[in-house]
Amino acid sequence: MADFDFDVLVIGAGPGGYVAAIRAAQLGLKTACAESRATLGGTCLNVGCIPSKALLHASELFEEAAGGKLAKLGIKASGVELDLEAMHGQRLDAVKQLTGGIEYLFKKNKIEWLKGQAAFTGKDSVKVGDRTVRAKNIVIATGSSVTPLPGIAVDQKVIVDSTGALELLKVPGHMVVVGGGVIGLELGSVWKRLGAQVTVVEFLDQLLPGFDGEVRKEAAKIFKKQGLEFRLSTKVTGAKVEGGKATLTVEPAAGGAAETIEADVVLVCIGRRANTDGLALDKAGLTTNPRGQIEIDHEFATSVPGIWAIGDVVPGPMLAHKAEDEGIAVAENIADLTGIVNHDVIPSVVYTSPEIAGVGLTEEQAKERLSKSGGEIKVGKFPMLANSRAKTNHEPDGFVKVIADAKSDRVLGVWIIASVAGTMIAQAAQAMEFGATSEDIAYTCHAHPTHSEAIKEAAMAVQGKPIHI
Ligand code: FAD
Ligand code: NAD
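Residues numbered from 1 in each chain as written. Chains lettered and ligands numbered in written order. Predicted model: local features only at pLDDT ≥ 70, side-chain atom pairs only at ≥ 80, totals over all residues. Heavy atoms only, no water.

**Student:** Give me the overall build of the chain: which residues, what numbers.
**Tutor:** A count of helices and strands for the chain gives 15 helices and 22 strands. Relative to its length of 469 residues, the chain is compact, with a C-alpha radius of gyration of 24 Å against a globular reference of 23 Å. C-alpha extents for the chain along the principal axes are approximately 70 × 65 × 50 Å. Put simply, the chain has 469 residues, and 49% of those count as buried. In the chain, the proportion of contacts linking residues at least 24 apart, taken out of those at least 6 apart, comes to 63%. Total accessible area on the chain is roughly 21,500 Å²; 53% of this is exposed by carbon and sulfur atoms. Taking the average location of the 48 positive side-chain charges in the chain and that of its 56 negative ones, the two points are 1 Å from each other. (Helix = DSSP H or I, 4+ residues; strand = E, 2+ residues; numbered from the N terminus. Rg over C-alpha atoms; globule rule 2.2 N^0.38 Å. Buried < 20%, exposed > 50% of the residue type's maximum accessible area, 1.4 Å probe, protein only. Contact = heavy atoms within 4.5 Å. Areas by Shrake-Rupley, 256 points an atom, 1.4 Å probe, with all protein chains shown as cover. Lys, Arg positive; Asp, Glu negative; His and termini not counted. Charge placed at Lys NZ, Arg CZ, Asp CG, Glu CD.)

Structure, rendered in structure tokens:
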């Protein structure tokens, strides 16, 4: 330690970096974390998971009150009005409390926050602001930023990215969302519920790439029923902003006649890319792969000894909980323990209404994988319409689907569309982590009446014996 200022220096204080720093400190390592943002917590807490969920929750309640759902339950709420300023206020409050919470945890764990942009000056040295520090281990957790759409400049007023879409000061008349992925559907839903007409332009012929095929089809049906409009297999080729409005030029993805769409706000959300600009990776002897990500091995080590990387900046799903688990594992590996993340069991949730969640293989992936070894899959499905709690709560949309290996019965994937799918998927992830069979789930007693009983019934359906359908 003689020459080093720190045992561990983490670059970036998002869910990957701050968790890595806390775990390293817990393990007795002298730890610092460099962060250039004015608050800790990264994309997730500042402009991602947390503020988007604050608006999703509030807009859902607004729609329930204003759209007549509460009235159907016998709750008369007349004169319901949107106070957008207050809605933004509670969003900012959630962000402030949670980012402040990380600052408290840093102090509690004696983690030094090096404020400023970090850049490598060597394999074990980093400059942050005016200070250069040496660390025995450096963890790159610099996260990701919005992928720009060539020819379409984000001004955060008429053409916005996800950060701008969280901060709109009035409900747009017509919002065009470019990209029918997770952000497009979540933030498109927020502004639709608050009164905007929302059109989603998606390059592919379906929404939500990476999700189970049947889930993607059903989700599209549900969103259409809710009034979202979709232009699938369509690409945006240009945008002109004039007089506070945008005119987008679109054409069929396969080529064809161009047409224009007018919008008050355009949300560009076509994916995110790894943050490595300004890190001076070359000074550390590191390079990026063709996708701009830092490659790592199973232990999160880069090609340079003592330098590690986790979270959105490395290949894999760009999810906060994946980054957090990698943060714990990398700190444990640095401390000579065995830090492992099972990347086959990372749940994914879209926080729309209903929520959409999945873990493990899609039906398409499972079929393909097993067919290579002559194997087959069994699929069990159960509709939420037949689940007593969902029915009682007037939440009929969606289903649970359990995919298992036909021979061993081991569960390979679980996909859910349900009001509380994001909470339900945890039991599926845990079952898969323990190597459960569909029979294990089917014979586990589930409390009644709960949405989770639909998972048990879908598991029973794998054996062809559900009770309630
Ligand atoms: P980040 O959270 O991006 O943090 C990296 C940090 O590093 C940043 O604070 C950045 O300022 C800092 N940094 C970068 N370079 C430097 C440097 N050179 N020096 C100093 N500091 C630097 N995921 C979910 O799982 N659930 C969700 O509900 C969800 N919702 C989302 C909603 C939106 C609108 C967005 C945009 C993302 C959402 N995500 C969600 C994705 C999630 O935010 C990311 O996967 C997660 O934040 C990645 O964590 P990370 O630690 O790798 O990086
Ligand atoms: P995404 O990858 O989910 O979706 C992007 C969509 O844009 C895709 O459907 C893609 O086909 C489409 N697209 C790409 N280029 C296009 C073009 N030129 N024209 C039209 N469509 C185009 O990306 P995102 O929605 O921007 O989200 C970024 C990341 O943030 C995701 O990886 C996601 O994991 C993460 N995130 C997660 C959550 C969550 O977990 N609930 C919420 C928000 C964001």
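What follows continues from the structure just given.
**Student:** Explain the packing of helix H3 (residues 49-66) against helix H5 (residues 84-108) residue by residue, including any values.
**Tutor:** Working note: a packed helix pair is described by the angle between its axes plus the distance between those axes. The interhelical angle for the contact between H3 and H5, taken along N-to-C directions, is 145°, at an axis separation of 9 Å. In this structure, the crossing between H3 and H5 has a hand that is right-handed. Listed contacts from H5 to Ile50, Pro51, Ala54, Leu55, Ala58, Ser59 and Phe62 of H3 are Met87, His88, Gln90, Arg91, Ala94, Val95 and Leu98. (Axes fitted to C-alpha atoms, helices over the stretch in contact; angles between N-to-C directions. Left-handed = near helix turned anticlockwise from the far one by under 90°.)

**Student:** Give me the lowdown on the site of ligand 1, citing residues and values where you can.
**Tutor:** Close contacts around ligand 1 come from 38 residues, with Glu35, Thr43, Lys53, Ala118 and Ala320 the closest. One nitrogen or oxygen atom from the main chain of Cys49 is found 3.4 Å from a nitrogen atom belonging to ligand 1. The side chain of His321 places a nitrogen or oxygen atom 3.3 Å from an oxygen atom of ligand 1. When ligand 1 sits alone it has 1,000 Å² of accessible area, and the protein chains cover 93% of it. Of all the secondary structure elements, the ones that give two or more residues to the shell around ligand 1 are helix H1 (15-26), strand S2 (31-35), helix H2 (42-47), H3 and helix H10 (320-334). The greatest single-element share of the shell around ligand 1, amounting to four residues, is contributed by H2. Looking at the shell around ligand 1 residue by residue, the class counts come to 16 nonpolar, 17 polar and five charged. (Near = heavy atom within 4 Å. Polar contact = N/O pair within 3.5 Å; in protein donor to acceptor, adjacent residues only side chain to side chain. Nonpolar A, V, L, I, M, F, W, Y, C, P; charged D, E, K, R; others polar.)

**Student:** How would you sum up the site of ligand 2? Please name residues and give values.
**Tutor:** Neighbouring ligand 2 are 21 residues; Ile183, Glu186, Glu202, Gly271 and Val349 lie closest to it. One nitrogen or oxygen atom from the side chain of Glu202 is found 2.6 Å from an oxygen atom belonging to ligand 2. Contacts to ligand 2 include Val349, whose backbone N or O atom sits 2.7 Å from a nitrogen atom. Calculation on ligand 2 without its partners gives an accessible area of 840 Å², and the protein chains cover 79% of this total.

**Student:** Residue-level account of the state of the cysteines, with values.
**Tutor:** Taken as a whole, this structure holds one disulfide when the rule is applied. Each disulfide pairs two cysteine sulfurs, and for Cys44 the partner residue is Cys49, the sulfurs being separated by 2.4 Å. Across the S-S bond of Cys44 and Cys49 the torsion is about -130°, and the bridge reads as left-handed. On the basis of relative accessible area, Cys44 is assigned to the buried category, the value being 10%. There is no disulfide at Cys33, and the cysteine sulfur nearest it, in Cys44, is 15 Å away. On the basis of relative accessible area, Cys33 is assigned to the buried category, the value being 0%. (Disulfide = S-S within 2.5 Å.)

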